[in-house]
Amino acid sequence: MKIVLLGPPGAGKGTIAKALMQMDGSVQISTGDILRAEIAEGSDLGQQVEAAMAAGNLVTDELIMDIMEKRLLDEDCKRGYLLDGFPRTIPQAEALKRLLAKLGEKLDCALELDIPRDVIFDRLTTRRTCTNCGEIYNVKSKPPRVEGVCDVCGNAIMQRDDETEEAIENRLRVYNEQTAPLVEFYRKDGLLVSVPTSDLEPVLAAIKERLGN
Ligand code: ADP
Ligand code: ZN
């Protein structure tokens, strides 16, 4: 499958991507994870994006396209990819469209997780992330077995810098202004599948209906 995942921060794009990935061997490509790994490494790129990310602002389209133009050429993308957090602006969506045309590839759909904002806000303020492997927890609905410790890899889980209330409000504002227009962009291209939930079953049903199987 080649799918773009759309939806506000905290909608559950990462969780859905991981589930789809296990089903057909597509890779999840999360630009947020790529950038956080660069920051953790202390690379030049990481240092360049750290402040913008902590405040919940987007990094530049040029930087993201540099990363994605290379990433989509990797061998593991041949079996399909679930784009999680990319594209995030109209210029990125247009650049992706040109890139895919050049590569002779087609998206199966753009899947929008259309989740109400109050639900999102609640989820984000209670979300915790493993600093090492990226596994996501929730202090209310999915706590780790041992407080503060990742079940998967044993490293520390923490609240992300951009998950303070102030940064979350900013991320939601940035989403409304810069990313929400992509819903119309993909609707016009006939690629939009919109679901009002991030529960796996109805999401899978909508994708299957779309793919015609
Ligand atoms: P979420 O979807 O929970 O907001 P992500 O992990 O997708 O978080 O992204 C975290 C941050 O990384 C964003 O707030 C932004 O600063 C940066 N980022 C990730 N993807 C992009 C992108 N495609 N364009 C610009 N900035 C991005
Ligand atoms: Zn972990």
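That block above? That's the structure.
Below: a short report on this structure.

### Things to note about the pattern of salt bridges
So, step 1. Summed over the entire model, instances satisfying the criterion amount to 13 salt bridges.
So, step 2. In this structure, the salt-bridge partner of Asp189 is Lys97, at a minimum N-O distance of 3.1 Å. You can see Asp189 sitting in the loop between α8 (181-188) and β8 (192-195) and its partner Lys97 sitting in helix α5 (residues 90-103), a full 92 residues away along the chain.
So, step 3. Asp189 sits in the partly exposed class, given a relative accessible area of 32%.
So, step 4. For Lys140, the salt bridge goes to Asp122, with nearest N and O atoms at 3.4 Å. Placement of the pair is Lys140 in the loop between β6 (136-138) and β7 (157-158) and Asp122 in helix α6 (residues 117-125), with a sequence separation of 18 residues.
So, step 5. Ionic contacts of the salt-bridge type, sharing partners, join the residues Arg127, Arg160, Asp162, Glu163 and Arg171 into one network.

### Here's the deal with the nonpolar core
So, step 1. Core analysis: the largest hydrophobic core is formed by 32 residues, its most contacted members being Leu72, Leu83 and Tyr186.
So, step 2. Residue assignment for this core shows that the elements contributing at least two residues are β1 (2-6), β2 (27-30), α3 (44-55), α4 (61-71), β3 (81-84), α5 and α8.
So, step 3. Apart from the residues lying within four places of it in its own chain, the contact partners of Leu83 are Ile3, Val4, Leu5, Ile29, Met68, Leu72 and Leu96.
So, step 4. Listed in part, the 22 residues of the second largest apolar core include Ile16, Ala17, Leu111 and Val203.

### A closer look at the site of ligand 1
So, step 1. Ligand 1 sits among 18 residues. The nearest are Thr31, Arg36, Asn57, Gly85 and Arg171.
So, step 2. Within the backbone of Asn57, one N or O atom sits 2.5 Å away from an oxygen atom of ligand 1.
So, step 3. In this structure, a nitrogen atom belonging to ligand 1 sits 2.9 Å away from a side-chain N or O atom of Gln92.
So, step 4. Burial of ligand 1 by the protein amounts to 96% of the accessible area it has alone, namely 560 Å².
So, step 5. Looking at the shell around ligand 1 element by element, the count peaks at four residues for helix α2 (residues 31-41).
So, step 6. Looking at the shell around ligand 1 residue by residue, the class counts come to seven nonpolar, five polar and six charged.

### Points about the state of the cysteines
So, step 1. Scanning all chains against the criterion turns up zero disulfides.
So, step 2. Left unpaired, Cys77 is separated from the closest cysteine sulfur, that of Cys109, by 17 Å.
So, step 3. By relative accessible area, which is 2% here, Cys77 ends up buried.

### What to know about α8
So, step 1. Listed as buried for α8 are Leu182, Val183, Phe185 and Tyr186. What you see down the axis of α8 is that its buried residues fit within an arc of 160 degrees, all on one side.
So, step 2. Looking at the buried positions of α8, the neighbouring elements they touch are β1, α5, β4 (109-113), α7 (165-179) and β8.
So, step 3. Following α8 by one or two positions, Gly190 has its phi on the positive side, about 70 degrees.

### Here we look at the pairing of β2
Here is the key point about a regular strand: its side chains alternate between the two faces of the sheet.
So, step 1. Residues of β2 alternate between two faces, with Val27 and Ile29 on one and Gln28 and Ser30 on the opposite face, all of them buried.
So, step 2. Looking at chain direction, β2 and β3 are connected through four bridges and run parallel. If you follow Gln28 over to β3, its bridge partner there is Leu82.

### Regarding the coordination of the zinc ion (ligand 2)
So, step 1. All of the protein donors around the zinc ion (ligand 2) are Cys130 (SG), Cys133 (SG), Cys150 (SG) and Cys153 (SG); their distances to the metal are 2.3 Å.
So, step 2. Seen from the zinc ion (ligand 2), its four donor atoms lie at angles of 98 to 118 degrees, and the figure they make is tetrahedral.
So, step 3. Read from N- to C-terminus, the donor residues coordinating the zinc ion (ligand 2) fall into the pattern C-x2-C-x16-C-x2-C.
So, step 4. Exposure remark for Cys150: the relative accessible area of 4% places this residue in the buried category.
So, step 5. Here Cys153 falls in the partly exposed class, since its relative accessible area comes to 31%.

### Here's the deal with the packing of α5 against α8
So, step 1. At their nearest, the axes of α5 and α8 sit 9 Å apart, and the two run at 30 degrees to each other. Classified by the interaxial angle, the pair formed by α5 and α8 is roughly parallel. Here Ile90, Ala93, Glu94, Leu96 and Lys97 of α5 come into contact with α8, specifically with Pro181, Leu182, Phe185 and Tyr186.
So, step 2. Class assignment for the residues of the contact of α5 with α8 results in seven nonpolar, no polar and two charged.

About the thresholds
- Residues numbered from 1 in each chain as written.
- Chains lettered and ligands numbered in written order.
- Predicted model: local features only at pLDDT ≥ 70, side-chain atom pairs only at ≥ 80, totals over all residues.
- Heavy atoms only, no water.
- Salt bridge = Lys/Arg side-chain N within 4 Å of Asp/Glu carboxyl O.
- Helix = DSSP H or I, 4+ residues; strand = E, 2+ residues; numbered from the N terminus.
- Buried < 20%, exposed > 50% of the residue type's maximum accessible area, 1.4 Å probe, protein only.
- Core = buried A, V, L, I, M, F, W, Y, C linked by side-chain atoms within 4.5 Å.
- Contact = heavy atoms within 4.5 Å.
- Near = heavy atom within 4 Å.
- Polar contact = N/O pair within 3.5 Å; in protein donor to acceptor, adjacent residues only side chain to side chain.
- Areas by Shrake-Rupley, 256 points an atom, 1.4 Å probe, with all protein chains shown as cover.
- Nonpolar A, V, L, I, M, F, W, Y, C, P; charged D, E, K, R; others polar.
- Disulfide = S-S within 2.5 Å.
- Arc of directions from axis to C-beta.
- Pairing = 2+ DSSP bridges.
- Donors = N, O, S within 2.8 Å, 3.2 Å for Na, K, Ca; no water.
- Tetrahedral: all angles 85-135°; square planar, octahedral: opposite > 155°, others 65-115°.
- Axes fitted to C-alpha atoms, helices over the stretch in contact; angles between N-to-C directions.
- Parallel < 35°, antiparallel > 145°, perpendicular 65-115°, else oblique.

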